[in-house]
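Structural overview
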Amino acid sequence: MSTAISYQQACLNRASHATSPLRADDLSRAALLAQYHPDHAADASTLLQIGSSRGQPCHPRLAELLQSNALIDGFDLAGAEQRSTDVLVLGGGGAGAAAALTAARGGATVMLASKLRLGDSNTVMAEGGIQAALAASDSPQQHFDDAMRGGHNCADPQLLAQLASDAAGVIRWLIELGMHFDLSDASSDGGKLRYKQAGGCSQPRILSYRDYTGLEMMRVLRETVELEPGIQLLNRCPVVELLSHEDGSCAGAVLYDLEYQRFIVVSARQTILATGGCGRLHLQGFPTSNHYGATADGLVLAYRLGAQLRDMDAFQYHPTGVAWPQRLRGGLISEAARSAGAMLLNGLGERFVDELAPRDVVTAAMLRECAAGRGIERDGQLGVLLDLRRLCGPDQPALASQLPALQHLADKCGIDPTREPMLVYPTLHYQNGGVVIDSQGQSSVPGLLCAGEITGGIHGRNRLMGNALLDILAFGRRAGRQAARLAQAARNKSSLPPLRGGIEHVYRWQRQLALAGLDASQQAPLLYPGQARLTLHRPASARA
Amino acid sequence: MSETICISIDGKVMAAQPGDSILQTRLHGPDAVTANIGCMGQGVCGSCRCLVRKAGERETVSRLACETVVEDGMQVSFIDYYQPDHVHRYRPHDLRDGWQALPQLQQTFPETAHCRHCGGCDRACPRGIPVQQGIALASRGELPAAAALFDACIMCNLCTLACPENIRPNHVGLYLRRAQAIQNLRPGDLLRRLDQQARGQLSIDTTAHLARSES
């Protein structure tokens, strides 16, 4: 570790400034990102050697998983329980729930399989809010422009335009399901929603519910899914492989039922992957704010089946992860804190970046401070200070009522935010790239749709605050609607259950691995991130 | 810190680092953790619910493993999730008519009136919500006040598990909160924007940014 300033000294330096000055910057944003953002590190990118995105850049750790062997073989399917459905949704976060609900409302029979439990996802942890351009001074066009700029002009314009246009309808849908949003003025005009400022946005556009928007959203979505008669819910059933027809289209998936320790083969007319991102891979050695299940499972399976990917070397490191105490390292302090006025200070007590610049810029600026020896060290943990004094002034409502989740976190850290700053360090937060989709969530593989963090293109190479919660619902609903429509069309052709698929694509993949000289003993998806790997129980091999 | 302590998780004794949470200790164990785990410390998913008994104490308390720091001699038992036998289904559009709120609540959660005031739900709640009071208010028809009490609920279902009358208090709370939003939340700015878009206004020019980045 490079040199750093002690926490005690940094607190003294902070106290010496009545109002901390913002240091004039000598580095352009482009240069700052190129020198300090983790995506630009020398060891952060390699080229994919096989598959439909061969030759494209990808993070090396992710490339290892993408170019690996399957967990199962043909004989695993022999004794497996067979089921069928119109639409199979894989993943129990916000995108999966939205897709399942919309498909069910569209008249399809739906099966939703979740690795952990419905709702155990990044959605429930995404507390900052959701973007929707509702102000009279705002418009979907401005929303589009901000996100396009924030993503370095790399977003797919069509997808991004849909994201911005869908926003108002998404908020209405959420309210119809029973989700609350904060009002700024409850007395007039049926109330006007409260807008918060997000980093990189031209005006306040974040709608939220306190500082636990994702919790409020997910508890409503979970309850709705659980009570929806058209959805069959399979908790603790991770997907271990997709199924294919002879023409290469998706035929459903193979699940592993943890409770009964056996495989389930689900034949589906349409399959929707909503398995999220890959924060638990701890890319570039960073801590992560992500949920336990974020291990890139769906990405690996989609790629093996032939889906195209994009921007697999672009990740978001959220600026304000907890750095101390070590026990809570990587946990997220919502951008809502900076939106409400929290400042970032280096060890000299200086502000070194506009706290509401886009996330990649703020993160790069923080890493620069740490690299230059102006970071702060506390009990062996390195970071910069998050100063909450502006939120705790005498004219402010108590932090516990303003931002209850932040107060709760400060309590867990043993920090009194009115007196002490928190120590923060960037934390791996979001996968900007993913599976290439069209406007209805359709991947390049027929029969396979994707929604949520697993997809790429919507946010370009950097996402703005509040656009993930919007993305999962806007595109979750689109994918669900499209899947129901296509399943209906297939049912109109034949009323028989969907045809059974196989894993011919796995054998093709194994040949490619061998031809490219890649290690076929590496298996993926990971399913669970700990050191201990899950052993899949195999009655067939046990009998042999 | 080289000092290690021991705790027992689901009957297995494990070495733990002081300062770690119960959940972190469990992750260092020999088995892949596939359940009762979620947000890993944020305390919002309710997955890692467990019963905890400290060394030398008789009382067992319910806690979230991700938020509870280990102590030497602690005994921990994780609580699995089960789908309850009887769930009264309702759909969001059933809640639209606020005039029917009370009879609908009684129909959907008939057990709400059976509260024995045993306080088990209050003791079980890791968020400190006065659950029993919420149920009492609900059964008296003071629905907004009841709903407000469940504002910070993380749906860990510990109160549901604790209730001898199968009231499912957290689901009652969520039902009331949802009904409130469904019936009352009609923000003027949202209505205006939806109306504009329904008229075909405010479409997006997807090429405007190209012109700007060139200039």
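So, how was this worked out
- Residues numbered from 1 in each chain as written.
- Chains lettered and ligands numbered in written order.
- Predicted model: local features only at pLDDT ≥ 70, side-chain atom pairs only at ≥ 80, totals over all residues.
- Heavy atoms only, no water.
- UniProt positions renumbered as here; feature names shortened; annotations may be inferred.
- Axes fitted to C-alpha atoms, helices over the stretch in contact; angles between N-to-C directions.
- Helix = DSSP H or I, 4+ residues; strand = E, 2+ residues; numbered from the N terminus.
- Left-handed = near helix turned anticlockwise from the far one by under 90°.
- Contact = heavy atoms within 4.5 Å.
- Nonpolar A, V, L, I, M, F, W, Y, C, P; charged D, E, K, R; others polar.
- Core = buried A, V, L, I, M, F, W, Y, C linked by side-chain atoms within 4.5 Å.
- Buried < 20%, exposed > 50% of the residue type's maximum accessible area, 1.4 Å probe, protein only.
- Lys, Arg positive; Asp, Glu negative; His and termini not counted.
- Salt bridge = Lys/Arg side-chain N within 4 Å of Asp/Glu carboxyl O.
- Domains from an automatic or database assignment.
- Buried area = accessible area lost by both parts, 1.4 Å probe.
- Polar contact = N/O pair within 3.5 Å; in protein donor to acceptor, adjacent residues only side chain to side chain.
- Pairing = 2+ DSSP bridges.
- Phe/Tyr/Trp six-rings, centres within 6.5 Å; stacked < 30°, edge-to-face > 60°.
- Lys NZ or Arg CZ within 6 Å of the ring centre and 35° of its normal.

Looking at an unreviewed UniProt entry, one finds chain B named Ferredoxin and attributed to Aquitalea palustris.

Taking an unreviewed UniProt entry as the reference, chain A is identified by name as FAD-binding protein belonging to Aquitalea palustris. One UniProt comment on chain A, placed under Cofactor (unreviewed entry), says "FAD".

On to the packing of helix α7 (residues 157–177) of chain A against helix α8 (residues 213–227) of chain A, then. Helix-helix packing is described using two parameters, namely the angle between the two axes and the distance between the axes. Residue and element names in this part refer to chain A. Running from N to C, α7 and α8 cross one another at 65°; their axes reach a closest spacing of 10 Å. Regarding α7 and α8, the two cross each other, and that crossing is left-handed. Facing Trp173, Leu174 and Leu177 of α7, the residues of α8 in contact are Met217, Val220, Leu221 and Thr224. For the contact of α7 with α8, the per-class residue count stands at 6 nonpolar, 1 polar and no charged.

In this structure, Leu62, Ile130, Phe181, Leu255, Met422 and Leu473 of chain A together with Ile22 of chain B are the most contacted members of the largest nonpolar core, which totals 225 residues. In terms of residue count, α7 of chain A provides more of this core than any other element does, 13 residues in total. Excluding residues that lie within four positions of it along the chain, phenylalanine 181 of chain A makes contacts with Ile130, Ile171, Leu174, Ile175, Leu193, Leu207, Ser208 and Tyr209 of chain A together with Leu185 of chain B. Counting residues in each nonpolar core, the second largest holds 19 residues, with Phe109, Ile167, Val172 and Ile182 of chain B among its members.

Moving on: the side chain of glutamate 111 of chain B. Residue and element names in this part refer to chain B. Within the secondary structure, glutamate 111 is located in the loop between α2 (101–108) and α3 (120–124). Of the side chains bearing the opposite charge, arginine 168 lies closest to the buried glutamate 111, which forms no salt bridge; the N-O distance is 7.4 Å. Those residues in contact with glutamate 111 that sit more than four places away from it in its chain are His88, Glu165, Asn166 and Ile167.

Turning to its location among the elements, glycine 141 of chain B is positioned in the loop between α4 (131–139) and α5 (143–149). Considered as a pair, glycine 141 of chain B and tyrosine 90 of chain B are 51 residues apart in the sequence and their alpha carbons are 19 Å apart.

All right, on to the domain arrangement of chain A then. All names here are of chain A. For chain A, the domain assignment lists domain 1 (5–36 + 320–429) and domain 2 (74–125 + 146–159 + 167–177 + 212–314 + 435–493). A straight line from the C-alpha centre of domain 1 to that of domain 2 covers 34 Å. Carbon and sulfur atoms supply 59% of the area that domain 1 and domain 2 bury against each other, a total of about 1400 Å² over both sides. Summed over the three residues of domain 1 that lose the most area to domain 2, namely Arg359, Leu428 and His429, the buried surface amounts to 41% of that side. Counting across the domain 1 and domain 2 interface gives 0 salt bridges. The tally of links from domain 1 across to domain 2 stands at 11 residue pairs in polar contact (both at pLDDT 80 or more). Breaking the side of domain 1 that touches domain 2 down by element, the ones donating at least two residues are α11 (359–371), α13 (404–413) and β19 (422–431). Here the element with the most residues in the side of domain 1 that touches domain 2 is β19; it accounts for 5 residues. When the residues that make up the side of domain 1 that touches domain 2 are grouped by side-chain class, the tally is 10 nonpolar, 4 polar and 4 charged.

Our next topic: the sheet that holds strand β20 (residues 434–436) of chain A. A sheet is described by the order of its strands in space; here 3 strands give the open sequence β14-β20-β22 (chain A), paired in mixed fashion. Two strands lie at the open edges of the sheet, namely β14 (309–310) and β22 (455–456) of chain A, each paired on one side alone.

All names here are of chain A. Of all the 10 residues making up β19, 10 are buried; the element is thus mostly covered by neighbouring parts of the structure. Judged from the 6 bridges that link them, strand β15 (residues 315–322) and β19 form a sheet pairing that is antiparallel. The residue bridging valine 322 from the neighbouring strand is valine 424, located in β19. The pairing of strand β18 (residues 381–387) with β19 spans 3 bridges and is classified as antiparallel. Of the residues in β19, the one forming a bridge with leucine 385 is leucine 423.

This next bit is on the domain arrangement of chain B. Residues and elements named next belong to chain B. For chain B, the domain assignment lists domain 1 (5–78) and domain 2 (92–184). Taking only C-alpha atoms, the centre of domain 1 and the centre of domain 2 are 29 Å apart. Contacts between the two partners involve 8 residues from domain 1, matched on the other side by 9 residues from domain 2. Summing the contributions of domain 1 and of domain 2, the shared interface buries around 690 Å²; its carbon and sulfur component is 51%.

This brings us to the packing of aromatic side chains. With the rule as written, the count across this model stands at 8 aromatic pairs over all chains. Consider the rings of phenylalanine 109 of chain B and tyrosine 175 of chain B, whose centres lie 5.4 Å apart with planes at 80°: the pair is edge-to-face. Placement of the pair is phenylalanine 109 of chain B in the loop between α2 and α3 and tyrosine 175 of chain B in helix α7 (residues 169–184), with a sequence separation of 66 residues. With respect to class, phenylalanine 109 of chain B is no different from tyrosine 175 of chain B; both count as buried. An aromatic cluster is defined as three or more aromatic residues linked by ring pairs; in this entry it consists of Phe286, Tyr317 and Tyr425 of chain A. Taking the ring centre of tyrosine 7 of chain A as reference, the NZ or CZ of arginine 378 of chain A above it sits at 3.9 Å. Sitting over the face of the ring of phenylalanine 78 of chain B, arginine 26 of chain B holds its NZ or CZ atom 4.1 Å from the ring centroid.

This brings us to the pattern of salt bridges. All chains considered together, the criterion is met by 40 salt bridges over all chains. Between aspartate 86 of chain A and arginine 269 of chain A there is a salt bridge; the shortest N-O distance is 3.1 Å. With aspartate 86 of chain A in strand β4 (residues 81–90) and arginine 269 of chain A in strand β13 (residues 262–273), the pair connects residues that are 183 residues apart, well separated along the chain. For arginine 374 of chain A, the salt bridge identified is with glutamate 369 of chain A, shortest N-O distance 2.7 Å. Here arginine 374 of chain A falls in the partly exposed class, since its relative accessible area comes to 22%. What you see here is one network of salt bridges that share partners, running through Arg210, Glu216 and Arg219 of chain A together with Asp151 and Arg177 of chain B.

Take the interface of chain B and chain A next. How big an interface is tends to be stated in terms of accessible area lost as the parts join. Across the contact, 69 residues belong to chain B and 71 residues belong to chain A. Taken over both partners, the interface formed by chain B and chain A buries close to 5700 Å², and the fraction arising from carbon and sulfur atoms is 53%. The largest contributions to the chain B side of the interface with chain A come from Thr34, Arg193 and Ile204 of chain B, which together make up 11% of the buried area. Along the contact surface separating chain B from chain A lie 4 salt bridges. Our enumeration of links across chain B and chain A arrives at 35 residue pairs in polar contact (both at pLDDT 80 or more). For the side of chain B that touches chain A, the secondary structure elements donating two or more residues are α1 (22–27), α7, α8 (188–198) and α9 (208–214) of chain B. Here the side of chain B that touches chain A is built from residues that sort into 30 nonpolar, 22 polar and 17 charged.

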